[in-house]
Amino acid sequence: MPLFSELGLAAPILKAVQEAGYETPSPIQAKSIAPLLEGRDLLGQAQTGTGKTAAFALPLLSRINPKAKSPQMLVLAPTRELAIQVEDEFRSMTKGLGMSSAVFIGGTNIRKDISQLRRDQQVIIGTPGRLLDLVDRRILDMKKFNTLVLDEFDRMLDMGFVHDVKRIIAEMKNRNHTMLFSATLDKKQQSLIDNILTDPAIVKVSTGAMTSDHINQEVIRLSPDVNKLNYLIDMLQGEEFEKVLIFDEAKHRVNRLCDKLKKAKFKADCIHGNKTQNARQNALEKFKKGNIQILVATDVAARGIDVSDVTHVINYV
Ligand code: AMP
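Position numbers for residues start from 1 in each chain and track the written sequence from start to end. Two thresholds apply to this predicted model, a pLDDT of at least 70 for residue-level local features and 80 or more for giving and counting side-chain atom pairs, whereas whole-chain, interface and lining totals are computed over all residues. With hydrogens and water stripped out, all remaining heavy atoms of the structure feed into the side-chain values.

A look at the sheet that holds strand β3 (residues 101–104)
- Spatially, 7 strands are ordered β3-β4-β2-β5-β6-β1-β7 in an open sheet, and the strand pairing comes out parallel. Whereas interior strands pair on both sides, the edge strands pair on one side only; in this sheet they are β3 and β7 (201–204). Strand-to-strand twist of the sheet, defined as the mean angle between neighbouring strand axes without regard to direction, takes the value 15°.
- When DSSP finds two or more bridges between two strands, those strands count as paired. Note on conventions: DSSP H or I runs of at least 4 residues are helices, E runs of at least 2 residues are strands, and numbering of each starts at the N terminus. Where strand β1 (residues 42–45) and β7 come together, 4 bridges link them in parallel fashion. From the neighbouring strand, Q45 faces β7, where its bridge partner is K204. The convention used is that axes are lines fitted to C-alpha atoms, helices contributing only their stretch in contact, and that angles between N-to-C directions extend from 0 to 180 degrees.

Next up, the structure:
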């Protein structure tokens, strides 16, 4: 594996990498940084947890002109949580470098976005719906950006954003550098991807090298006479269940399960699409800090979130 110092990153970005404590590039970083520094388009097949955010953030930030205060790159993410997480990574890599970024997501006050856009931000990260809302209000001009990152593209399509994504791309008349990351690549999407990328470098990494080295998986089958909820509650009493993420299928089921766990005296909260963005962010922060033991979530709301020290992930289906 090469060293970060051998990849051609700009000196201040290299320093930020060291300050973040990243010692060696992950496979997706080792393979993506050089082509992106050259300005090549890229198709990256990688999951969350592989370090893919830094794989595009580091070379793109190395190419940014810090003196030009105008918008330069746009990152599209499918979920609000992911957009915030991507911006956190950008911020930690640009501390003290005089670069600016902003995140625009649904469920928040749009007036705050509008006033933030009065100052030009070099990097804008957002979810498709809110970005188009700002375009329709003629506050955000997609022609200003030349670089586009499509993060978690498969999920973006699963969530029904295909028309929004196509519209954003059509508005970006000066786009000349595009990268697309997806955990899965479906043949049916090939022609769409071919339309978006020009002669891309193709980088594929297997599962999450940063975080998922030591995962044990287990399927628990219950006979019909066993009450699933009671079984779950008994299991969660085990002291090894310190930080538990539980997925359920629908918003109302997530709410119901969370209420039942709270009644059983667990410290729990939930996130799903019907909650306000503030409530979602609050629950996630409490979970990250360890103030609650259990976070119940729909897959859509929680996909791609990066929380360290999760001891158990339960698919409650
Ligand atoms: P991502 O796949 O982008 O969500 O990154 C997963 C986690 O790995 C994040 O918490 C990153 O801050 C962290 N990370 C990214 N690159 C590295 C690296 N080269 N060394 C150590 N940690 C990293």
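Now that the structure has been shown, we can carry on.
Some remarks on a negative patch on the surface
- Like charges within 9 Å and nonpolar side chains (Val, Leu, Ile, Met, Phe, Trp, Tyr) within 5 Å are joined into patches, using only residues over 30% in relative accessible area that form no salt bridge. Areas reported here follow the Shrake-Rupley algorithm with a probe of radius 1.4 Å; residue values treat only the protein chains shown as occluding. A pairing counts as a salt bridge when a side-chain nitrogen of Lys or Arg comes within 4 Å of a carboxyl oxygen of Asp or Glu. We treat Lys and Arg as the positive residues and Asp and Glu as the negative residues; His and chain ends play no part in the count. Here the site of a charge means NZ on Lys, CZ on Arg, CG on Asp, or CD on Glu. Where like charges cluster on the molecular surface, the negative patch consists of E239, E240, E242 and D309.
- Here E239 shows up in the loop between α10 (228–236) and β8 (244–248).

A short note on the pairing of β1
- Side chains L42 and G44 of β1 all project onto a buried face; the interleaved residues L43 and Q45 project onto the opposite face, where all are buried too.
- Inspection of the sheet shows β1 paired to strand β6 (residues 177–182) by 4 bridges, in the parallel sense. Bridge pairing in β6 links L43 to L180. When accessible area is computed with a 1.4 Å probe and restricted to protein chains, residues below 20% of their type maximum are described as buried, those above 50% as exposed, and intermediate ones as partly exposed.

A closer look at the packing of helix α6 (residues 128–136) against helix α8 (residues 162–171)
- It is the contact of α6 with α8, at a shortest axis distance of 10 Å, that shows an interaxial angle of 45°. With respect to α8, the element α6 is oriented oblique. Considering how the two elements wind past one another, α6 and α8 form a crossing that is left-handed. Every residue of α8 that contacts α6 at P128, G129, L131, L132, V135 and D136 is listed here: D164, R167, I168 and E171.
- Nonpolar residues are Ala, Val, Leu, Ile, Met, Phe, Trp, Tyr, Cys and Pro. Charged residues are Asp, Glu, Lys and Arg, and all others, Gly as well, are polar. Residues that form the contact of α6 with α8 fall into these classes: 5 nonpolar, 1 polar and 4 charged. In these notes the angle categories are as follows: under 35 degrees is roughly parallel, over 145 is roughly antiparallel, 65 to 115 is roughly perpendicular, and the rest is oblique. Here is the rule for handedness: rotate from the far helix to the near one, and if that takes an anticlockwise turn smaller than a right angle the crossing is left-handed, while a clockwise turn gives right-handed. Two residues form a contact once any of their heavy atoms are found within 4.5 Å.

Things to note about helix α3 (residues 52–63)
- One fewer than the residue count of a helix, multiplied by 1.5 Å, yields its expected span. With 12 residues, α3 extends 17 Å between its outermost C-alpha atoms, agreeing within 8% with the 16 Å of an ideal straight helix rising 1.5 Å per residue.
- Along α3, 11 of the 12 residues are buried, which leaves the element largely enclosed by surrounding structure.

Brief notes about the packing of aromatic side chains
- Stacked, edge-to-face and tilted are the three classes for Phe, Tyr and Trp ring pairs, Trp counted by its six-membered ring, which pair at centre distances within 6.5 Å; planes under 30 degrees apart are stacked, over 60 edge-to-face, the rest tilted. Scanning the entire structure with this criterion turns up 2 aromatic pairs.
- When the centroid spacing of 6.3 Å and the interplanar angle of 45° are considered together, the rings of F56 and F90 count as tilted. You can see F56 sitting in helix α3 and its partner F90 sitting in helix α4 (residues 80–94), a full 34 residues away along the chain.
- Owing to a relative accessible area of 1%, F90 belongs among the buried residues under this scheme.
- Arranged with centres 5.3 Å apart and planes meeting at 40°, the rings of F56 and F181 form a pair that is tilted.

Quick notes on the site of the ligand
- Taken together, 14 residues form the shell around the ligand, and within it Y22, Q29, G49, T53 and D306 come nearest.
- In protein, a polar contact requires one atom able to donate a hydrogen and another able to accept it; more generally it is a pair of N or O atoms within 3.5 Å, and residues adjacent in sequence count only if both atoms are side-chain atoms. Between an oxygen atom of the ligand and a side-chain N or O atom of Y22, the distance comes to 2.5 Å.
- Measuring from a nitrogen atom of the ligand, one finds a backbone N or O atom of T24 at 2.9 Å.
- Burial of the ligand by the protein amounts to 82% of the accessible area it has alone, namely 490 Å².
- In terms of residue class, the shell around the ligand is made up of 3 nonpolar, 8 polar and 3 charged. Near, as used in this document, describes a residue that has one of its heavy atoms within 4 Å of the molecule or strand being considered.

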